[in-house]
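A structural walkthrough
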Protein chains: 2
Amino acid sequence: MPATEFDIIQRYFREGAGKVSDAHAKTVRCGIGDDCAVLAIPAGEELLLSVDTLVESVHFPKAYSPALLARRALAVCVSDLAASGASPLAFTLALTLPVVDENWLCEFSAALAQAASEFGVVLVGGDTTRGPLCMSLQVMGSAPAGQALLRSGAQIGDLIYVSGSVGDAHAALACLGQAPQNLNDDQRYLLARYHAPTPRLALGFKLRNLATAAIDISDGLAADLTHIVNVSGVAAVLNLQNLPISPALQRTGDAIDSALSGGDDYELCFTVPASRRADIAVLSESLNLALTEVGYIEAGSGLRCYDAQQNLYSPRGGYQHF
Amino acid sequence: MPATEFDIIQRYFREGAGKVSDAHAKTVRCGIGDDCAVLAIPAGEELLLSVDTLVESVHFPKAYSPALLARRALAVCVSDLAASGASPLAFTLALTLPVVDENWLCEFSAALAQAASEFGVVLVGGDTTRGPLCMSLQVMGSAPAGQALLRSGAQIGDLIYVSGSVGDAHAALACLGQAPQNLNDDQRYLLARYHAPTPRLALGFKLRNLATAAIDISDGLAADLTHIVNVSGVAAVLNLQNLPISPALQRTGDAIDSALSGGDDYELCFTVPASRRADIAVLSESLNLALTEVGYIEAGSGLRCYDAQQNLYSPRGGYQHF
């Protein structure tokens, strides 16, 4: 059993998620093992970075699968790079563990290495400490100077889009504790959406010169779109009958509330000038990813939602962190 | 009382440590409040970054002063930038809190803002979550391409130096629980060294073209110097009678063990070609900081320590994280 922090890093991370591939060798000048990691940001590009913390019993259930946890933690964090239109580069992991459990570390680190490879990031540093199970990941990427997607650029007349489908992960929460053999196909689908969100990196990359504002949906569409309108100084109108709802979610009954107020889907919500509608249709086809027009930006402030009968609908609040 | 994560960030961090000064405006293109922060790394420079986690009851005592905690957390992390010769730029804070305690947040954020200003870094992002008290800070700096100080460059014949004095913070641990009125002047001095370590940023910056290897002493001189010799593929000889020991530590009795095996001082240990001895003397004078020659690098592996009688001395191990 490994006794020291150095053993753990060497055994589980340096040769896994920390292994610098040829593709990353130009960027990662010094990875795990020194006081600082050294990264060469591509010439003409800016550094984009984001941090996410996951705490046991708050952001994931007790005794959660270490493999799912590793993938989900990295996906959630990389999703912020996607929302900013970044090309992914690297990440760090601050991992706090109550005990050194070799099986847990084996599963966690193997899944982390696989997810890092899938998302195109390499582990370049971190800290391993003893304490209640939690982790903070910081992801880093880059984009040409001035081209990062921000929340603040939405313009009056822009169309509002959502990628994929929303609400699935929220609906999955009700099935989290159930035995696998008791799950039906819909529940299995929803759980997969919760456990293994897909950061929309390719979409974010393509939106660099197309979207005026973007955000990833982590707190719920209503809450996250409200961030866009607040910092952009505009108002948004959502047509609820247009929300992209998966067949599985449709059959659970509570689709609109889940779609509007449930977080954890990590789809992108973005705004686009109305003149670019055709470009979005082409992009949707080329990415093989639904990009659904759900509303528009107008003058004013706040968010108004209309149901199929054109009645005003009040969404519940997004995820409250405290 | 602030109820949401957004309130907390807005009230305590955005206008404090997150306030972008004119000096940082060129670097910080987008700070707190978007999916990603956007940093412009100076042209021709590489990004240097490091992460440190502090967990309550492991890295700091329960009910520790939030002001001391903020300063110490940032200092410990910035110390890694110093050891790499970086110019400090920015940092992120992943803060996990059991409850929203307004007094605690007030004191913590005010001290963090002051420390950030002192160390020349601006808070550009993070995550605020609920859970057992802990925090991960990631600091970022830059250095001209290829000039970052690494642990791996020590050469046979190099001299080994240590900044300031070592062992003070370790000796302070014995006084941590004592009532202030029961402390003598020596204990007060040692405690100040523990509570408020000084990252040696100016020294690290000047060592860029002078030192062959450097590390900050967080786990103890013996352990940290061993990292240098292991990754450099050389051996080190330490003359214990040359270790820079403060008068206060000298009077506690256990000076050599504290100096050799006690962590938390955050002084720098570095190696320099013997031909540059005079440059170090000049640097010491210009920085008004003791830079003490404590040994040399030779062929072989491992670390040998000799006491004043030239007897071999076995250091205890450094700080074990697990």
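These figures come from a predicted structure and were not determined experimentally.

Now for helix 4 (residues 102–119) of chain B. Structurally, the α-helix is built with 3.6 residues per turn, so residues lying three or four positions apart point the same way. Residues and elements named next belong to chain B. The end-to-end C-alpha separation of helix 4 is 25 Å, in line with the 26 Å expected for 18 residues at 1.5 Å each. Buried residues of helix 4: Trp104, Leu105, Phe108, Ser109, Ala111, Leu112, Ala115, Ala116 and Phe119, and no others. Buried residues along helix 4 sit against helix 1 (5–14), helix 3 (66–83), strand 4 (87–97), strand 6 (134–144) and helix 7 (201–207). Capping of helix 4 at its N-terminal end is provided by Asp101; its side-chain oxygen lies 3.0 Å from the backbone amide nitrogen of Asn103. Within two residues after helix 4, Gly120 carries a phi angle of roughly 80°, on the positive side.

Residue and element names in this part refer to chain A. Applying the stated criterion to the full structure yields 34 salt bridges over all chains. One salt bridge in this structure joins Arg251 and Asp186, with 2.7 Å as the shortest N-O distance. Linking Arg251 in the loop between helix 9 (247–250) and helix 10 (255–261) with Asp186 in helix 6 (residues 185–195), this pair joins segments that are 65 residues apart in sequence. Using a relative accessible area of 58% as the deciding quantity, one classes Arg251 as exposed.

The next thing to look at is the sheet that holds strand 4 of chain B. Read across the sheet, six strands follow the order 1(A)-2(A)-3(B)-6(B)-4(B)-5(B) without closing on themselves; strand pairing throughout is mixed. In this open sheet, the two edge strands, each paired with only one partner strand, are strand 1 (28–30) of chain A together with strand 5 (122–130) of chain B. Between one strand and the next, the sheet's axes are offset by a mean angle of 20°, whatever the strand orientation. Here strand 4 of chain B runs beside strand 6 of chain B; their pairing, made up of nine bridges, is antiparallel. Within strand 6 of chain B, the position partnered with Pro88 of chain B by the bridge is Gly141 of chain B. Across the sheet, helix 4 of chain B touches strand 4 and strand 6 of chain B, and the angle it forms with strand 4 of chain B is around 165°.

On to the relation of the copies chain A and chain B. Superposing chain A onto chain B takes a rotation of 180° plus a shift of 0.0 Å along the axis, which leaves an RMSD of 0.0 Å. In the structure described here, the two chain copies are related by an operation that fits a two-fold rotation axis. Most of the interface of chain A is mirrored in chain B: 100% of its interface residues are interface residues there too.

In this numbering, the UniProt entry assigns the feature "binding site: Mg(2+) 1" (unreviewed entry) to Asp52 and Asp127 of chain A. For Asp52 of chain A, the contacting residues outside a window of four places in its chain are Val76, Cys77, Asp80, Met135, Ser136 and Leu137 of chain A together with Asp127 of chain B. Here Asp127 of chain A is to be found in strand 5 (residues 122–130). Note on Asp127 of chain A: relative accessible area 8%, which makes it buried. Leaving out residues up to four positions away in the same chain, Asp127 of chain A has contacts with Glu5, Leu93, Ala94 and Leu95 of chain A together with Val51, Asp52 and Thr53 of chain B.

It is worth spelling out the domain arrangement of chain A at this point. Interface size, as often reported, equals the accessible area lost upon joining of the parts. All names here are of chain A. Domain boundaries in chain A define domain 1 (5–144) and domain 2 (159–313). Facing the 23 residues of domain 1 at the interface are 17 residues of domain 2. Interface area, domain 1 with domain 2, both sides summed: about 1600 Å², of which 59% is carbon and sulfur. Of all residues in domain 1, the largest losses of buried area upon contact with domain 2 belong to Arg72, Ala82 and Ala83, amounting jointly to 31% of the total for that side. On inspection of domain 1 and its partner domain 2, the count reaches seven residue pairs in polar contact (both at pLDDT 80 or more).

The feature "binding site: ATP" (unreviewed entry), as annotated in UniProt, sits at Gly126, Asp127, Arg151 and Ser218 of chain A in this numbering. Across 93 residues, the annotated set is spatially dispersed, with a maximum C-alpha separation of 30.9 Å. Relative to the elements of secondary structure, Gly126 of chain A occurs in strand 5. Under the relative-accessibility criterion, Gly126 of chain A is labelled partly exposed at 34%. If near-sequence neighbours (up to four positions away) are discounted, Gly126 of chain A is found in contact with Thr92 and Leu93 of chain A together with Val51 of chain B. Setting aside residues no more than four positions away along its own chain, Ser218 of chain A makes contact with Asp224, Gly263, Asp264 and Tyr266 of chain A.

Quick look at the pairing of strand 3 (residues 45–55) of chain A now. All names here are of chain A. Counting buried positions along strand 3 yields ten of eleven residues, so the element is predominantly enclosed. Direction of pairing for strand 3 relative to strand 6 (residues 134–144): antiparallel, over a ladder of eleven bridges. Pairing of Ser50 across the sheet is with Val139, part of strand 6.

Looking now at the environment of Leu203 of chain B. Residue and element names in this part refer to chain B. Residue placement: Leu203 occurs in helix 7. Remark: the alpha-carbon pair of Leu203 and Leu289, spanning 86 residues in sequence, is separated by 8.7 Å. Setting aside its immediate chain neighbours within four residues, Leu203 contacts Ser163, Leu268, Phe270, Leu283, Leu287, Leu289 and Leu291.

Using the criterion set out here, one finds eight aromatic pairs over all chains in the structure. Seen in terms of ring centroids, Phe13 of chain A and Phe108 of chain A are 6.4 Å apart; in terms of plane orientation they differ by 80°. Their pairing is edge-to-face. Of this pair, Phe13 of chain A sits in helix 1 (residues 5–14) while Phe108 of chain A is found in helix 4 (residues 102–119), placing the two residues 95 residues apart along the sequence. The buried category is assigned to Phe13 of chain A, whose relative accessible area is 4%. When the ring of Trp104 of chain B is compared with that of Phe108 of chain B, the centres are 4.8 Å apart and the planes differ by 10°; the resulting orientation is stacked. Placement of both Trp104 of chain B and Phe108 of chain B in helix 4 is noted, with a separation of four residues, approximately one turn of the helix. Grouping residues by exposure puts Trp104 of chain B and Phe108 of chain B together as buried. Among the aromatic residues, ring-to-ring pairing joins Phe13, Trp104 and Phe108 of chain A into one connected group. Just above the ring of Tyr194 of chain A sits the side chain of Arg72 of chain A; from NZ or CZ to the centre is 4.1 Å.

All names here are of chain B. Among all positions in helix 11 (residues 277–287), only Ile280, Leu283 and Ser284 are buried. With its buried residues spanning 100° around the axis, helix 11 presents them on a single face. Of the residues in helix 11, the exposed ones pointing more than 90 degrees away from the buried face are Ala278, Val282, Glu285 and Ser286. Tucked into the core, helix 11 has its buried residues touching strand 7 (159–163), helix 7, strand 10 (268–272) and strand 11 (291–298). Downstream of helix 11 by a residue or two, Asn288 has a phi angle that is positive, lying close to 55°.

Reading guide: rules and limits
- Residue positions within a chain follow its written sequence, with the count starting from 1.
- As a convention, the first chain written is A and the first ligand written is 1, with the rest following in written order.
- For this predicted model, a pLDDT threshold of at least 70 governs which residues receive local features, and a threshold of 80 or more governs which side-chain atom pairs are given and counted, while totals over whole chains, interfaces and linings are taken from all residues.
- Neither water nor hydrogens contribute to the side-chain values; these are computed over all heavy atoms in the structure.
- A helix here means a DSSP run of H or I that spans at least four residues, while a strand means a run of E at least two residues long, and both kinds are numbered starting from the N terminus.
- To estimate how far a helix should reach, multiply one less than its number of residues by 1.5 Å.
- Buried residues are those whose accessible area, probed at 1.4 Å on protein chains only, stays under 20% of the maximum for their type, while exposed residues exceed 50% and partly exposed ones sit between those limits.
- Pairs of residues are marked as contacts when any of their non-hydrogen atoms sit within 4.5 Å.
- What qualifies as a polar contact is a pair of N or O atoms within 3.5 Å, subject to a donor-acceptor requirement within protein and to the restriction that residues adjacent in sequence count only when both atoms come from side chains.
- Within this document, salt bridges are pairs made up of a side-chain nitrogen of Lys or Arg and a carboxyl oxygen of Asp or Glu, the two lying within 4 Å of each other.
- Strands are treated as partners if at least two bridges between them are detected by DSSP.
- To obtain an axis, a line is fitted to C-alpha atoms, over the contacting stretch when the element is a helix, and the angle between two such axes runs from 0 to 180 degrees between their N-to-C directions.
- Least squares is the method for superposing the copies, and the C-alpha atoms it fits come from residues with pLDDT of at least 70 in both.
- UniProt positions are given in the numbering used here, feature names are shortened, and annotations may be inferred rather than shown by experiment.
- A domain assignment, automatic or from a database, supplies the domain bounds used here.
- Throughout, buried area stands for the accessible area (probe radius 1.4 Å) lost by two parts on being put together, summed over both.
- Ring geometry is summarised as follows: Phe, Tyr and Trp rings, the Trp one being its six-membered ring, pair when their centres sit within 6.5 Å, and such pairs are stacked at plane angles under 30 degrees, edge-to-face over 60 and tilted between the two.
- Charge-over-ring placement is defined geometrically: NZ (Lys) or CZ (Arg) within 6 Å of the ring centre, and within 35 degrees of the ring normal.
- The arc in question is the one spanned by the directions pointing from the helix axis to the C-beta atoms.

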